[in-house]
Amino acid sequence: MLDIRNLSKIYSNGIHALEGFSLTVREGEVVAVIGGSGCGKSTLLRLLSGLETPSSGEIRLDNKRLVEPDPLVNIVFQEPRLFPWLTVADNIGFGLSTLDAGERQDRVRQVLEKIGLLGYEKRWIKELSGGQAQRVALARALVTKPSVLLLDEPFSALDAMTRADLQDHLVDLWNEAGSTMLLVTHDIEEAIIMADRIVVMQPFPGRILQEVSVDLLRRRDRTSPDFAALRKHLSALLALSMSSTKHSASA
């Protein structure tokens, strides 16, 4: 269980990025965080991954306090961030150096099969499409079997068809792996497709406006009336979060 308690972040230049953020993510749950610019989404992920230190509050994983990067927490960024001088297989197996060669190869082969790239082991990153490169980034994150997977708008740079395909594919991988996932995204549809709960943020400073449960069966039909109704509700909440901020600024 990931337990985030009253997390706040004020940078040295005075920017108040996050204020009083509290959230419990149950084991195996997928939670999406959505919001406009300035709501602290990226700051939240940097804090959870141990790349930055909170000004106040704490983060606990299975009751262990996280104060630095932890091998049980992995992150996938907007761009793949792969090593161009390594093959696909070596990129995926990069975090498995403590395993013997046979087990490392087995793990890499299994995850390549799951992401639909079996046979690509010896290819270089420059030989891959954008969607294939992001599949490799997902595989590298999942192959270590993390307890928590953080996702920072992982499909935002892809075309619509590739993005939809990878969203569905990641849901399938999550069903198999059972990792806890926290997704940050600007894409309301992506949040609905993937999440059990959606946290809507309000900016300046970033804080929670509302949590919304997603009571739709997977795989989710993007054309269904229930999907459309939830998308409309979330759009209204985002508009409310931004309008209330503008009202406060002008008051």
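Student: I would appreciate a short explanation of the pairing of strand β4 (residues 56–61) in the present structure.
Tutor: Within a regular strand, side chains alternate between the sheet's two faces. Direction of pairing for strand β1 (residues 2–10) relative to β4: antiparallel, over a ladder of five bridges. When the sheet's bridge partners are listed, I4 is paired in β4 with I59. Note that β4 and strand β5 (residues 64–65) share two bridges and pair antiparallel. Looking at the pairing, L61 lines up with K64 of β5. Here β4 folds back onto β5 in antiparallel fashion, the turn holding two residues, of which D62 has a positive phi close to 50 degrees.

Student: Where do I start with the sheet that holds strand β10 (residues 207–213) in this structure?
Tutor: To summarise the sheet geometry, strands pair through backbone hydrogen bonds and adopt either a parallel or an antiparallel arrangement. Read across the open sheet, the six strands follow the order β6-β7-β8-β3-β9-β10; overall the sheet is mixed. Looking at the sheet topology across the chains shown, the edges are occupied by β6 (73–76) and β10. The average undirected angle you get between the axes of adjacent strands in this sheet is 20 degrees. Both strand β3 (residues 30–34) and strand β9 (residues 197–202) contribute to a ladder of four bridges, which runs parallel. By the bridge assignment for β9, V33 is matched with V199. Where helix α1 (residues 41–48) meets the sheet, it contacts β3, β6, β7 (148–152) and β8 (180–185), and its direction lies at approximately 150 degrees from that of β8.

Parameters at a glance
- Residues numbered from 1 in each chain as written.
- Predicted model: local features only at pLDDT ≥ 70, side-chain atom pairs only at ≥ 80, totals over all residues.
- Heavy atoms only, no water.
- Pairing = 2+ DSSP bridges.
- Helix = DSSP H or I, 4+ residues; strand = E, 2+ residues; numbered from the N terminus.
- Axes fitted to C-alpha atoms, helices over the stretch in contact; angles between N-to-C directions.
- Contact = heavy atoms within 4.5 Å.

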